[in-house]
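# Analysis of the macromolecular model
Each chain, written out:
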Amino acid sequence: MKRILACLSLCAVLGACAMADTAYAPAYGPRGAGFSEYRIEPGRFRVTFQGGPGAPPQQVADYALLRAAELTLAEGYDWFAITDRATSGRPDSGPRVSLGTGGGSYGGRSAIGVGVGTSLSLGGGPAVAQSLEIMMGRGERPADPNAYDARGVRDTLRPRV
C-alpha cells in the first residue's frame, strides 16, 4: 500500500510540473515558449507566440493577439489587421504512466473491490503555436472583421496575463 501511495504522490508532483503556466514573455531560442516578431516591411510584421507544453490553444491565441496589439502601439500605429493566421501544434506523443487497483473473483469465491486509477502523460501535453501576419494602420480602424483596435485589444487582454 505504501508503494501505491508513493507512486500516486510522484504522479501528482509530475502532473503539477507538466501543467506549468505559459508566461507572456519573449521567446528565448527558436523553440522556446513566448513571443517573437519579424518585420516584413514598414507597418507589416509576422507575430508568433509559441505556447509551452500543455498551454491551452485559446491562451496561445490571446497572447499572439496581445503581442500584435503591443507591437502596433510601440510602432506608433492605432490599429492592425490580420492578413494571415496559422496555428500549429504537436500532438502529445510522450510516454504515459498509469496506476490502478481493483478486485476480481477466483474459483468459487468472489470479491468486490473499488477501483482507483490515474493516468499521467509525461510528455507535458501538446505545444501549440500561433502566427499572425499583421498590417498596421493609423487613424480610424477599417470596418473589417480582421481589423483590431490596438488599445482595445491591449486593455482587454493585458489583465489576463
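Per-chain numbering applies: the sequence of each chain, read as written, is numbered from 1 onward. Thresholds applied to this predicted model are a pLDDT of at least 70 for local features of residues and 80 or more for the giving and counting of side-chain atom pairs; totals over whole chains, interfaces and linings are not thresholded and use all residues. Where side-chain values are given, they derive from all heavy atoms of the structure, hydrogens and water being excluded.

### As for the side chain of Gln130
The secondary structure listing takes helices from DSSP runs of H or I that are at least 4 residues long and strands from runs of E that are at least 2 residues long, numbered from the N terminus. With respect to the helices and strands, Gln130 occurs in strand β8 (residues 127–137). Among the polar contacts listed, one links the side chain of Gln130 to the side chain of Thr87, at a separation of 2.6 Å. By the convention used here, residues are in contact when the closest approach between their heavy atoms is within 4.5 Å. Apart from the residues within four sequence positions on either side, Gln130 is in contact with Val47, Thr48, Phe49, Val60, Ala61, Ala64, Arg85, Ala86 and Thr87. Polar contact is defined as a pair of N or O atoms within 3.5 Å, subject to the rule that within protein one atom must be able to donate a hydrogen and the other to accept it, and that residues adjacent in sequence are counted only when both atoms are side-chain atoms.

### Brief notes about the pattern of salt bridges
What counts as a salt bridge is simple: a side-chain nitrogen of Lys or Arg found within 4 Å of a carboxyl oxygen of Asp or Glu. Summed over all chains, the structure comprises 10 salt bridges. A salt bridge links Glu75 to Arg39; the shortest N-O distance between them is 3.8 Å. Residue Glu75 is found in the loop between α2 (57–74) and β3 (79–90), and its partner Arg39 is found in strand β1 (residues 34–41); the two are separated by 36 residues along the sequence. Here the term buried applies to any residue with accessible area under 20% of the maximum for its type, exposed to any over 50%, and partly exposed to those in between, with areas from a 1.4 Å probe on protein chains only. Looking at Arg39, the relative accessible area reads 43%, which means it is partly exposed. Here Arg44 and Glu41 are joined by a salt bridge, their closest N and O atoms 3.9 Å apart. Put simply, Glu37, Arg67, Glu70 and Arg158 are held in one network by salt bridges that share partners.

### Overview of the packing of α2 against helix α3 (residues 150–157)
To describe two helices that pack against each other, one gives the angle between their axes and the distance between the axes. One way to put it is that α2 packs onto α3 with a least axis distance of 8 Å and a crossing angle of 135°. Between α2 and α3, the angle is such that the two are oblique. The crossing of α2 and α3 is left-handed. Mapping the contact onto sequence places Asp62, Leu65, Leu66, Ala69, Glu70, Thr72 and Leu73 in α2 and Ala150, Arg151, Val153, Arg154 and Leu157 in α3. The nonpolar class holds Ala, Val, Leu, Ile, Met, Phe, Trp, Tyr, Cys and Pro. Asp, Glu, Lys and Arg form the charged class, and all remaining residues, Gly among them, are polar. Considered class by class, the residues forming the contact of α2 with α3 number 7 nonpolar, 1 polar and 4 charged. Axis angles are defined between N-to-C directions and span 0 to 180 degrees, where every axis is a line fitted to C-alpha atoms and, for a helix, only to the segment in contact. Comment on the angle field: the value is read as roughly parallel under 35 degrees, roughly antiparallel over 145, roughly perpendicular from 65 to 115, and oblique elsewhere. The hand of a helix crossing depends on one turn: near helix anticlockwise from the far one by less than a right angle means left-handed, and clockwise means right-handed.

### Re the pairing of β1
Walk down a regular strand and you will see the side chains alternate between the two sheet faces. By the bridge criterion, 7 bridges tie β1 to strand β2 (residues 44–50) in an arrangement that is antiparallel. Paired with Arg39 across the strands is Phe45, a residue of β2. Remark: 2 residues form the turn of the hairpin made by β1 and β2, two consecutive strands paired antiparallel; Gly43 in that turn has positive phi of roughly 80°. Being paired, for any two strands, means DSSP has found at least two bridges between them.

Geometric descriptors of this kind do not, in isolation, establish any biological role.
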